[in-house]
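This is what each chain is made of:
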Amino acid sequence: MSQALVVDDDRTVLEMVRRSLEKVNVDVITAGTAEEALEAIREKAPEVVLLDIMLPSVSGLDVFREIHQLDRRLPVVFITSSSESNLAIEAMQLGAFDYLAKPLDLPKLNQLVQKAIETRRLMNIPVALPVGDTKSSKGDQFVGRSPQMLEVFKSIGRVAAENVNVLIRGESGTGKELVARAIYQHSPRSKDSFMAVNCAALTETLLESELFGYEKGAFTGADRQRIGKFEQCNGGTIFLDEVGDMSQLTQGKVLRLLQEQRFERVGGNKTIETDVRIIAATNRNLEEMVKAGSFREDLFYRLNGMTISLPPLRERGDDIALLVEHYLNEACYEMGRTETEGVSSEALELLIQYPWPGNVRELQSVVRQSLLKSTSPIIVPSFLPDELSRRFNTQAVSLEPENDISGDDDFPLSDLRLFVDQRLAEQSTDLYSETLEAMERYLLTRVLNETGGNQTRAAEILGITRGKIRDRIAQFGISLEKTVSIEDDSP
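Now for a description of the structure that goes with this document. In this text the structure is predicted, and so the values were computed from the model without any measurement.

## Here we look at the overall build of the protein
From N to C terminus, the protein includes 20 helices and 21 strands. Buried residues in the protein amount to 48% of all 491 residues. Look at the contacts in the protein between residues 6 or more apart in sequence, and 71% of them connect residues 24 or more apart. A total accessible area of about 23800 Å² is found for the protein, and carbon and sulfur atoms account for 47% of it.

What follows is the structure, given as structure tokens:
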């Protein structure tokens, strides 16, 4: 569970915020003085701080400066009264995350805290690049050994330390945000802010306001001054996701900022200087957009200090098996699934053959869904989402002899006469039930081989339930050969 520190000398405010944040699964630590707040930050490392700007005998700005010395990446949201908004704006210019006016709008507070926690995650959770055969047990990890991904890793290493803008290109779900975070974390700006803005998720007016801020009265509803991301992130890095969706007006303002490192807030005439590094990403063909006149050519060249192109998952070959193993280990750990052993060869083959229009993000979702549906230690095709399992049911699957589903090999199950003769010679006194069991064992293994281990399809052919199939698999000791397994040393 995420943790928020709330610093206020009003116990009513503390309790109100605690109850509100419980609804969004955020645990609240409280402090009534600056000393208690600093001690809580040192000992409990919260992911966001809600700070009253007027504490007993001390200014919130002074407390903020001390917090900043402890952890410059820790998001601080100020709680103010309307008469103290100028102090909050000053704090924003010093690097605070945002501010809220009293009386508190609790839904907005919940939303802002969640946004701050996500920003903290982006800055603090490390992105591990592969080194040799070692695996990181903490943070987010790049997984892959295909030639295309090795080039991506090399490019990150080459550009991270350079103060140039980077353009990341690739289809949706290929991991563009992960690349941006890796560049930031390995750059000289890693101690300063990292902020991400999705240009496709905001209207033209909202995006302009988000990036550049606005003055009070700049438009209807602008009842106070607002600091934008470029001003707030001075000295840090801004990730502009889906930059191809930016309007022409906003493109022009971003171009000027890139050229001169200065801008004006919406509705203002005061020039503000800033120093930010821009990492942009897009899944669109910017060259075609330039030709069509919908994207500025000069902005394209300014953003494109260096290009990193991410390959789609369908072109990454054996990386798919590595990613399945990685995400299965990750999901088992998060869900506490200690009994899961791996993925069957048939299921893995379907995962490899699938075109993955949603790329790595879709693969991660499929692994999690399959794990939730699984009722046995091995993930077989029937546990995959419908769009993948249907492929299994419509294609012929042949098993190599060494991978056959097998039972007891002491006698040939397909020759019933030989089995009966053998049991008579041994003077069996329970021949009826033994013969029925032998026939059932043979029938079940034969049908499971025919369906490639798909228990749902086998149940349909046999006219029995999947529960009975599972019972007989356990009773007869039938094994389903697997090719991807959970590592014993998974976290």
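## Regarding the sheet that holds strand 10 (residues 166-169)
Read from one edge of the open sheet, five strands run 11-14-17-10-18, paired in parallel fashion. Both outer strands of the open sheet, strand 11 (194-198) and strand 18 (306-309), are each paired with one neighbouring strand and no more. With strand direction ignored, the average angle separating the axes of adjacent strands in the sheet is 20°.

## Some details on a nonpolar patch on the surface
A surface patch of nonpolar side chains, amounting to about 350 Å² of accessible area, comprises Tyr432, Leu436 and Met439. Relative to the helices and strands, Met439 resides in helix 18 (residues 431-450).

## Things to note about empty space enclosed by the protein
Counted by the stated rule, this structure contains four cavities of 30 Å³ or more. Quantified by volume, the largest cavity comes out at close to 120 Å³. For the largest cavity, the lining is made up of 15 residues, of which Arg73, Leu74, Pro75, Gly95 and Ser193 are closest to its centre. The set of elements that each furnish at least two residues to the lining of the largest cavity consists of helix 3 (60-70) and helix 5 (106-124).

## A word on helix 3
Within helix 3, the full set of buried residues consists of Gly60, Leu61, Val63, Phe64 and Ile67. End-on view of helix 3: buried residues confined to an arc of 155°, all on one side of the axis. Between a side-chain oxygen at the N-terminus of helix 3 and the backbone nitrogen of Leu61 the separation is 3.1 Å; the capping residue is Ser59.

## Some details on the pairing of strand 6 (residues 76-80)
Of all five residues in strand 6, five are buried; the element is thus mostly enclosed. Of the two faces of strand 6, the one carrying Val76, Phe78 and Thr80 and the one carrying Val77 and Ile79 are both buried. Relative to strand 6, strand 3 (residues 48-52) is paired through four bridges, and the arrangement is parallel. Residue Leu50 lies in a different strand from strand 6, and its bridge partner there is Val77. One ladder, built from four bridges, connects strand 6 with strand 7 (residues 98-101); its direction is parallel. Residue pairing for strand 7: Phe78 is matched across the bridge by Tyr99.

## Observations regarding the nonpolar core
Of all hydrophobic cores here, the largest spans 28 residues; its most connected members are Leu211, Phe230, Leu240, Val254, Ile278 and Leu303. Listed by contribution, the elements that provide at least two residues to this core are strand 11, helix 8 (204-212), strand 14 (237-241), helix 10 (248-260), strand 17 (277-282), helix 11 (286-292) and helix 12 (297-303). Broken down by element, the residue count for this core peaks at four residues, all from helix 10. Setting aside residues up to four positions removed in sequence, Val254 forms contacts with Leu211, Phe212, Phe230, Met246, Ile278 and Leu299.

## So, the layout of surface pockets
The volume enclosed by the largest pocket comes to roughly 1200 Å³. Where the lining of the largest pocket is concerned, the elements lending two or more residues are helix 4 (85-94), strand 7, helix 5, strand 11, helix 8 and strand 14. Considered class by class, the residues forming the lining of the largest pocket number 16 nonpolar, 10 polar and 13 charged.

## Overview of the packing of aromatic side chains
Inspection of every chain in the model, using the stated rule, returns eight aromatic pairs. Taking 4.9 Å as the distance between ring centres and 65° as the angle between the ring planes, the aromatic pair formed by Tyr214 and Phe219 counts as edge-to-face. Residue Phe219 is classed as partly exposed on the basis of its relative accessible area, which comes to 31%. Through pairs of rings, three or more aromatic residues link up here, namely Phe212, Phe230 and Phe263. We note Arg224 situated over the ring of Tyr99; from NZ or CZ to the ring centre the distance is 4.7 Å.

## Some details on the packing of helix 13 (residues 319-335) against helix 14 (residues 345-353)
For the pair helix 13 and helix 14, the least separation of the axes is 9 Å and the interaxial angle reads 120°. In terms of axis orientation, helix 13 runs oblique to helix 14. Judged by the sense of rotation from one axis to the other, the crossing of helix 13 with helix 14 is right-handed. Contacts from Ile320, Ala321 and Val324 in helix 13 reach Leu348, Leu351 and Ile352 in helix 14.

About the thresholds
Residues numbered from 1 in each chain as written. Predicted model: local features only at pLDDT ≥ 70, side-chain atom pairs only at ≥ 80, totals over all residues. Heavy atoms only, no water. Helix = DSSP H or I, 4+ residues; strand = E, 2+ residues; numbered from the N terminus. Buried < 20%, exposed > 50% of the residue type's maximum accessible area, 1.4 Å probe, protein only. Contact = heavy atoms within 4.5 Å. Areas by Shrake-Rupley, 256 points an atom, 1.4 Å probe, with all protein chains shown as cover. Pairing = 2+ DSSP bridges. Axes fitted to C-alpha atoms, helices over the stretch in contact; angles between N-to-C directions. Patch = residues over 30% accessible without salt bridge, like charges linked within 9 Å, V, L, I, M, F, W, Y side chains within 5 Å. Salt bridge = Lys/Arg side-chain N within 4 Å of Asp/Glu carboxyl O. 1 Å grid on protein atoms, 1.4 Å probe; cavity = no way out; pocket = protein on both sides within 12 Å on 5 of 7 lines; lining within 4 Å. Points joined across faces, edges and corners; volume = space filled by probe spheres on them. Arc of directions from axis to C-beta. Polar contact = N/O pair within 3.5 Å; in protein donor to acceptor, adjacent residues only side chain to side chain. Core = buried A, V, L, I, M, F, W, Y, C linked by side-chain atoms within 4.5 Å. Nonpolar A, V, L, I, M, F, W, Y, C, P; charged D, E, K, R; others polar. Phe/Tyr/Trp six-rings, centres within 6.5 Å; stacked < 30°, edge-to-face > 60°. Lys NZ or Arg CZ within 6 Å of the ring centre and 35° of its normal. Parallel < 35°, antiparallel > 145°, perpendicular 65-115°, else oblique. Left-handed = near helix turned anticlockwise from the far one by under 90°.

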